[in-house]
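Results of the structural survey
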Amino acid sequence: SSSAASDVYKRQNLLSGEAAAGTRRAAALQQAIELLCKLGLDESTMHASMENVPPSVQQRVSLARAILARPRLLLLDEPTAGLLPGERRAVWSLLRELRREGVTILLATEDPEEARLVCDHLVILEGGRVVAAGMPVELLVPAAGFGPDCPAPLCEPPDRANESAQPGGVTI
């Protein structure tokens, strides 16, 4: 037996947030399809049960649902963790599009590439304390200690991070 929540189809899941935002159903459906396409998914994926799709699809559907509500502020925690390179690029592209439309995005990531491609301003934390703040071009360079040549585990993406890294490391 499965819970009622696990039986929710993606279409219903996507549109439930949109209904709260006051958009008409036909317009919401069209927006949902467009968002899914931008995230590398197609309309047919809207008919699958959330429990029957890979985590990467669930993650992108969750992002689409949040965006369909047309937020002025979007809070994201590791939005591309576990995604394939093409899926990550699609998410980054969508986030840059949202920024151009005036959406403020607060992004927590440990991936310097993601920070460089998506962020206008960075705050780097270590042990819960701010250790640096500025623009990506200023901070994501070797001289600042946070660039591509800095020592692990500070700058390596999570999929290549040193296994012995201490918890509570740097968050960008």
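Definitions and limits used
Residues numbered from 1 in each chain as written. Predicted model: local features only at pLDDT ≥ 70, side-chain atom pairs only at ≥ 80, totals over all residues. Heavy atoms only, no water. Helix = DSSP H or I, 4+ residues; strand = E, 2+ residues; numbered from the N terminus. Expected span 1.5 Å × (residues − 1). Buried < 20%, exposed > 50% of the residue type's maximum accessible area, 1.4 Å probe, protein only. Contact = heavy atoms within 4.5 Å. Patch = residues over 30% accessible without salt bridge, like charges linked within 9 Å, V, L, I, M, F, W, Y side chains within 5 Å. Areas by Shrake-Rupley, 256 points an atom, 1.4 Å probe, with all protein chains shown as cover. Salt bridge = Lys/Arg side-chain N within 4 Å of Asp/Glu carboxyl O. Axes fitted to C-alpha atoms, helices over the stretch in contact; angles between N-to-C directions. Parallel < 35°, antiparallel > 145°, perpendicular 65-115°, else oblique. Left-handed = near helix turned anticlockwise from the far one by under 90°. Nonpolar A, V, L, I, M, F, W, Y, C, P; charged D, E, K, R; others polar. Core = buried A, V, L, I, M, F, W, Y, C linked by side-chain atoms within 4.5 Å. pLDDT = per-residue confidence, 0-100.

Details of helix α4 (residues 85-100)
An α-helix turns once per 3.6 residues; consequently, residues spaced three or four apart project the same way. With 16 residues, α4 extends 23 Å from end C-alpha to end C-alpha; this agrees with the ideal 22 Å at 1.5 Å per step. Taken as a whole, α4 has its buried residues at Glu-87, Arg-88, Ala-90, Val-91, Trp-92, Leu-94, Leu-95 and Leu-98. Residues of α4 that are buried make contact with α2 (25-38), α3 (55-68), β1 (73-77), β2 (104-108) and α5 (112-118). Phi for Gly-102, located one or two positions after α4, is positive at around 95°.

A closer look at a nonpolar patch on the surface
Together, Leu-73, Leu-75 and Leu-106 give the surface a local cluster of nonpolar side chains, amounting to about 320 Å² of exposed area. By secondary structure assignment, the location of Leu-75 is in strand β1. Under the relative-accessibility criterion, Leu-75 is labelled exposed at 57%.

Brief notes about the packing of α2 against α3
Packing of α2 against α3 leaves a shortest axis separation of 10 Å and a crossing angle of 135°. Taken together, the axis directions place α2 and α3 in an arrangement best described as oblique. Handedness of the α2/α3 crossing: right-handed. Residues Ala-28, Gln-31, Ala-32, Leu-35 and Leu-36 of α2 lie in contact with α3, whose contacting residues are Val-61, Ala-64, Ile-67 and Leu-68. Looking at the contact of α2 with α3, its residues break down into eight nonpolar, one polar and no charged.

A word on unusual backbone geometry
Most peptide bonds take the trans configuration, and most residues that are not glycine carry a negative phi. Despite not being glycine, Arg-70 has its phi angle at roughly 55°, a positive value. Along the chain, Arg-70 turns up in the loop between α3 and β1. A relative accessible area of 44% places Arg-70 in the partly exposed class. Here the phi dihedral of Glu-78 falls at roughly 50°; this positive angle occurs in a residue that is not glycine. Taking the relative accessible area as the measure of exposure, Glu-78 reaches 21% and is therefore partly exposed.

Here we look at the nonpolar core
Formed by 34 residues in total, the largest nonpolar core has its most connected members in Ile-67, Leu-74, Leu-76, Leu-95, Leu-98 and Ile-105. Where this core is concerned, the elements lending two or more residues are α2, α3, β1, α4, β2, α5 and β3 (122-126). Take this core: its biggest share by element is six residues, from α3. Among residues more than four places away in sequence, those in contact with Ile-67 are Leu-35, Leu-74, Leu-94 and Leu-98.

Quick notes on the confidence of the model for the protein
Looking at the protein as a whole, the pLDDT averages 75, with 69% of positions reaching at least 70. The least confident element of the protein, judged by mean pLDDT, is helix α1 (residues 10-21) at 52; the most confident is β1 at 95. Scored below 50 in pLDDT, residues 1-8 makes nine contacts in the model with residues more than four places away or belonging to other chains. Note that residues 149-172 has pLDDT below 50 and, in this model, 41 contacts with residues that lie over four places away or in other chains.

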